[in-house]
Amino acid sequence: MSQHNARGSGATWVARLAGALLCLAVAVIHVKDQGGVTTTRDPHYIGVAYHVLEIAAVVAAALLLVGLVRPGWLLAAGVAVGPLLGYILSRGPGLPDYSDDVGNWTEPLGLVSLAVEGALLLLSVLLFAQRLRRRNY
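The text that follows walks through the structure, step by step, so that each part is easy to find.

**Quick word on helix α1 (residues 10–34)**
Part 1 of the argument: Compared with an ideal rise of 1.5 Å per residue, which puts 25 residues at 36 Å, α1 spans 36 Å between its outermost C-alpha atoms and is within 8% of the ideal.
Part 2 of the argument: For α1, the complete set of buried residues consists of Ala-15, Arg-16, Gly-19, Ala-20, Leu-22, Cys-23, Val-26, Ala-27, Ile-29, His-30 and Gln-34.
Part 3 of the argument: Following α1 by one or two positions, Gly-35 has its phi on the positive side, about 95°.

**Thoughts on unusual backbone geometry**
Part 1 of the argument: Along the chain, Asp-42 connects to Pro-43 via a cis peptide bond; the corresponding omega equals -5°.
Part 2 of the argument: Within the secondary structure layout, Pro-43 lies in the loop between α1 and α2 (44–66).
Part 3 of the argument: At Asp-97, a position not held by glycine, the phi torsion is positive, near 60°.
Part 4 of the argument: As for its position among the elements, Asp-97 is in the loop between α3 (69–91) and α4 (108–136).
Part 5 of the argument: Look at Asp-97 and you get exposed, because its relative accessible area is 74%.

**Structural notes on the layout of surface pockets**
Part 1 of the argument: Its boundaries defined by the atoms lining it, the largest pocket holds a volume of some 500 Å³.
Part 2 of the argument: Surrounding the largest pocket, 28 residues form its lining, His-30, Tyr-50, Pro-83, Gly-86 and Tyr-87 being those nearest its centre.
Part 3 of the argument: Here the lining of the largest pocket gets ten residues from one element, more than from any other, and that element is α3.
Part 4 of the argument: Residues belonging to the lining of the largest pocket are distributed by class as follows: 15 nonpolar, seven polar and six charged.

**So, the packing of aromatic side chains**
Part 1 of the argument: Applying the stated criterion across every chain yields a total of one aromatic pair.
Part 2 of the argument: Taking the centre distance of 5.8 Å and the plane angle of 65° together, the rings of Tyr-87 and Trp-105 count as edge-to-face. One end of the pair, Tyr-87, is in helix α3; the other, Trp-105, is in the loop between α3 and α4, and 18 residues separate them in sequence.
Part 3 of the argument: The exposure class of Tyr-87 is buried, given its relative accessible area of 7%.

**Quick look at the environment of Val-26**
Part 1 of the argument: Mapped onto the fold, Val-26 is located in helix α1.
Part 2 of the argument: Given the relative accessible area of 1%, Val-26 is considered buried.
Part 3 of the argument: Sequence-wise, Val-26 and Ala-129 are 103 residues apart; in three dimensions their C-alpha atoms are separated by 22 Å.
Part 4 of the argument: Discounting residues that sit within four places of it in the chain, Val-26 has contacts with Leu-53, Val-79, Pro-83, Val-116, Glu-117 and Leu-120.

Parameters at a glance
- Residues numbered from 1 in each chain as written.
- Predicted model: local features only at pLDDT ≥ 70, side-chain atom pairs only at ≥ 80, totals over all residues.
- Heavy atoms only, no water.
- Helix = DSSP H or I, 4+ residues; strand = E, 2+ residues; numbered from the N terminus.
- Expected span 1.5 Å × (residues − 1).
- Buried < 20%, exposed > 50% of the residue type's maximum accessible area, 1.4 Å probe, protein only.
- 1 Å grid on protein atoms, 1.4 Å probe; cavity = no way out; pocket = protein on both sides within 12 Å on 5 of 7 lines; lining within 4 Å.
- Points joined across faces, edges and corners; volume = space filled by probe spheres on them.
- Nonpolar A, V, L, I, M, F, W, Y, C, P; charged D, E, K, R; others polar.
- Phe/Tyr/Trp six-rings, centres within 6.5 Å; stacked < 30°, edge-to-face > 60°.
- Contact = heavy atoms within 4.5 Å.

Written as C-alpha cells, this is what we have:
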C-alpha cells in the first residue's frame, strides 16, 4: 500500500486533519512560551530545542495534510513525546543550567501543552499502528 493512498475514508481525513491541527497547536504553544518566533530561550540549547520542535511540528502537519501519513504520524509522535519528556525533566530534576521550572507542575500553559501533546501522542500512535496493520494484511 502506497503512502499516498491515504485519501480513502472520510474518517482517515478527519484524523489527519486533527493530527495536523494538534501539531500546529504544539508549535503555537511553544512559540508563545518562548516569547515569539524570533526569541530564543536561555539556556541556548533549550531555545534551539524549542525551534527544532516548532519546525518539526509544522513539517509533521504538512506531511499529514499532503497524505504522507506514515512519516507524518511518526514525526507527530515525536512532536508529542519530546515536549512531554522535556516537561517532566524540567519540572522534576531540572536540566543543566535550567532550573527555572523545577516544581512548577501547574503552570497553565504547561498544562494546556500536556493536554495537546497527550492527545497528539494517543492519536499518532493509534493511527501509525493502524497503518502498519493495514500494510501487513
